[in-house]
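Structural overview
If you want the building blocks of each chain, they are given just below.
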Amino acid sequence: MSANPAGARPARNKIQTSGGDKLAQFLIYFFVVLFALLCLVPFLLVIIVSFTEEKSITINGYSFLPAEWSISAYKMLFSSKSSVPKAYQVTTIATVVGTLAATLISFGAGYTLANKQCRYRNGLSLYFYITMVFSAGLVPWYMISKMIGCFDNIWALIVPSLMFSPFNMFLVRNFVREIPDALNESARIDGAGEVRIAFTIYLPLCTPVLATIALFYAIGYWNNYFNSVMLINDQNYYSLQMLLFKIQSEITALSKVSTGAQVTSAPPKESFKMATSVVTMGPIILLYPFLQKYFIKGMVIGAVKG
Amino acid sequence: MRGSMRKPTAAAPRKHVNPFKELWRNKFLYILVLPAMIYTFVFSYMSLPYMAIAFEKFNYKTGIFSPFVGLKNFEYFFKSSWAWTITRNTLVINVLFLAVGTVCAVALAIVLNEVHAKRLLKTSQSFMLFPYFISWVIVSYMLQGILGTDNGLINNIITGMGGEKINFYADPNYWYPILLILNIWKTTGYNAIVYLAAITGIDEGLYEAAYIDGATRWKRIRYITLPLLMPTICILTLMSVGRIFYGDFGMMYAIIRDNSSLMPIAEVIDTYVYRTFKNTGDPSLSMAVGLYQSVVGFILVFTSNWIVRRHFPDGALF
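Owing to the predicted nature of the structure, the values given are computational and were not obtained by experimental measurement.

Turning next to the overall build of chain A. Across its full length, chain A carries 17 helices and 0 strands. Burial analysis of chain A (306 residues in total) assigns 40% to the buried set. Considering only contacts in chain A between residues 6 or more positions apart, those separated by 24 or more positions represent 73%.

Helix and strand content of chain B: 15 helices and 0 strands. For 318 residues, the compact-globule estimate of 2.2 N^0.38 gives 20 Å, and the C-alpha radius of gyration of chain B, at 25 Å, exceeds that figure by more than 25%. Taken over the C-alpha atoms alone, chain B extends approximately 75 × 70 × 35 Å along its principal axes. Every one of the 318 residues in chain B was classed for burial, and the buried ones make up 36%. In chain B, 68% of the contacts between residues at least 6 apart in sequence involve partners at least 24 apart.

Bringing the interface of chain B and chain A into the picture now. Every contact between the two is made by 87 residues of chain B and, on the other side, 86 residues of chain A. When residues in the side of chain B that touches chain A are grouped by element, the largest group, 11 residues, is from helix α3 (residues 27-45) of chain B. A breakdown of the residues in the side of chain B that touches chain A according to their chemical character gives 56 nonpolar, 24 polar and 7 charged.

Below, the discussion takes up the nonpolar core. Core analysis: the biggest nonpolar cluster contains 144 residues, and A:Val172, B:Ala109 and B:Tyr195 have the highest contact counts within it. Split by domain, this core shows at least three residues from each of two domains, domain 1 (25-70) and domain 2 (83-240 + 272-302) of chain A. Sequence-distant contacts of B:Ala109, defined by excluding residues within four places in its chain, comprise B:Ala192, B:Tyr195, B:Leu196 and B:Ile199.

A few words now on the environment of A:Leu162. All names here are of chain A. With respect to the helices and strands, Leu-162 occurs in the loop between α8 (154-158) and α9 (166-177). Since 20 C-beta atoms lie within 10 Å of it, Leu-162 is described here as buried. Sequence separation between Leu-162 and Thr-99 is 63 residues; the distance between their C-alpha atoms is 8.8 Å. Residue contacts for Leu-162: discarding those within four places in its chain leaves Gly-98, Ala-102, Gly-220, Tyr-221, Asn-224 and Asn-227.

The next subject is the domain arrangement of chain A. Often the size quoted for an interface is simply the accessible area lost on bringing the parts together. Residue and element names in this part refer to chain A. One can read the domain layout of chain A as domain 1 (25-70) and domain 2 (83-240 + 272-302). Summarising the inter-unit geometry, the C-alpha centres of domain 1 and domain 2 are found 35 Å apart. Between domain 1 and domain 2, the contact holds 4 residues from the first and 4 residues from the second. Residues that form the side of domain 1 that touches domain 2 fall into these classes: 3 nonpolar, 1 polar and no charged.

How each quantity is defined
- Residues numbered from 1 in each chain as written.
- Chains lettered and ligands numbered in written order.
- Predicted model: local features only at pLDDT ≥ 70, side-chain atom pairs only at ≥ 80, totals over all residues.
- Helix = DSSP H or I, 4+ residues; strand = E, 2+ residues; numbered from the N terminus.
- Buried ≥ 20, exposed ≤ 12 C-beta atoms within 10 Å, placed from the backbone.
- Contact = placed C-beta atoms within 7 Å.
- Rg over C-alpha atoms; globule rule 2.2 N^0.38 Å.
- Nonpolar A, V, L, I, M, F, W, Y, C, P; charged D, E, K, R; others polar.
- Core = buried A, V, L, I, M, F, W, Y, C linked by C-beta atoms within 7 Å.
- Domains from an automatic or database assignment.

Following this line, the structure appears as structure tokens:
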């Protein structure tokens, strides 16, 4: 974008303040704030309901101003019989291991495809591109996953579907292409080996794009329940999302356990659902500022350069 | 960006090379690309032979080499009422999402571009982007909290005013709008980013010249922003048109689940394939439906990519 001439700014400011345009400006601000709030309010509801006493939910329904507050849902969530901590552990392992592997695989492939020394790079691009336009669907995917041993174990949550996306690889390739070749040549002349050029020169330079694709992958892993639905029967390997998806059975199991101790109060069914949702969103909320920064950056990198 | 795929670049004139020499000389590069190649081979290329199942009566002992039955599975599917239902649902839902979604995203980007208070812009954008990162499972519980029959927010308000409860989860008529609103809510903030980036790239000088010539805010949007945004809109829309035959399993299955009263409206090809596979345990029928989706989907994706390449050379990823 060209630099603004010094006199331009006041002119634009004048546009905003002139007469009838004030109303338009007000409407624009009003609309933006309204939409932003609409995006936020459902999350507030979830958080508030998770702290609501079950009795007030049964009597008054979901409400932003509950009659009675309670943390019993969270107590139940972290009780020794709860499967939430276990699912948390499983999901964290899958996300961390998967994201690291996926990012490295994409970097390796993208780096090679961008490298002019590699004569088959165009053929290879085509090899990956074809898989983006044609996929055979669910049944082969299921059978192959099972055949290679990704069934009822942690690998089922890491490997199938999630560990490589050609789209992310092409993002890396396009990013590496923008780096001048002179860098590669001068490193070579200085005596750097292939390994060193790739991992100590190019890898650090690729941090912005790698952070972006790592986030794509991490969100994909964290929010995935499809792999669990398809490939997991053993409850010990339920991911967090899957547990949440099947929460009804978890609530039944937990309330059976606790009925002996506290017969008087009903199990916190609705609030338990919402409390589990809150802890599931937890890491995303915590990492959000970081996430947002790289997502916007990455969207602009990957965006059509029209 | 993609020119090199067609014609050899000046740096590497295409003459015949000994493949073994090439592999040996750049062995490190090929080792780097190998994991991705193996992964793609296993999950994509190896799945091709499995498509034969669609033409067989599948038996777990014989696998891909089960007895051949010709087009029987396809016949069964296309004669059932589901063929039309799931095709229509997938297309209607995707077209709704795409048309309304694009209009909303472009409108939001234009509106955001008019916001000059930096803090407000940043904060509101973070809120708008947030739903994008949340899983559909959580969204489905929020929705239950809002629409639920027994204690949902809307029904609370209705009964509070003395009205009669609406059983949303039993009446399919509400669900195209509900699904559309959910999709808009979840993706607009995200989709607007690309458009906003494109708008920011427009030369400021154009707006100044227009202002000096007396163009109002609306005219500046209508005659500068929108026309210059058109290529981006076209490219992104075409790319999505290619995906129009694929339903969003993650969304539909989390929200509709096994609720059979909503299926006439909300069952899409992807969920149907999954359900036939899980419920009947017969992969043949499921594979036949999957193949139908793959072939039509391929034609659509390929054509839309081809159009993008032809008309917007800079827009295609390849």
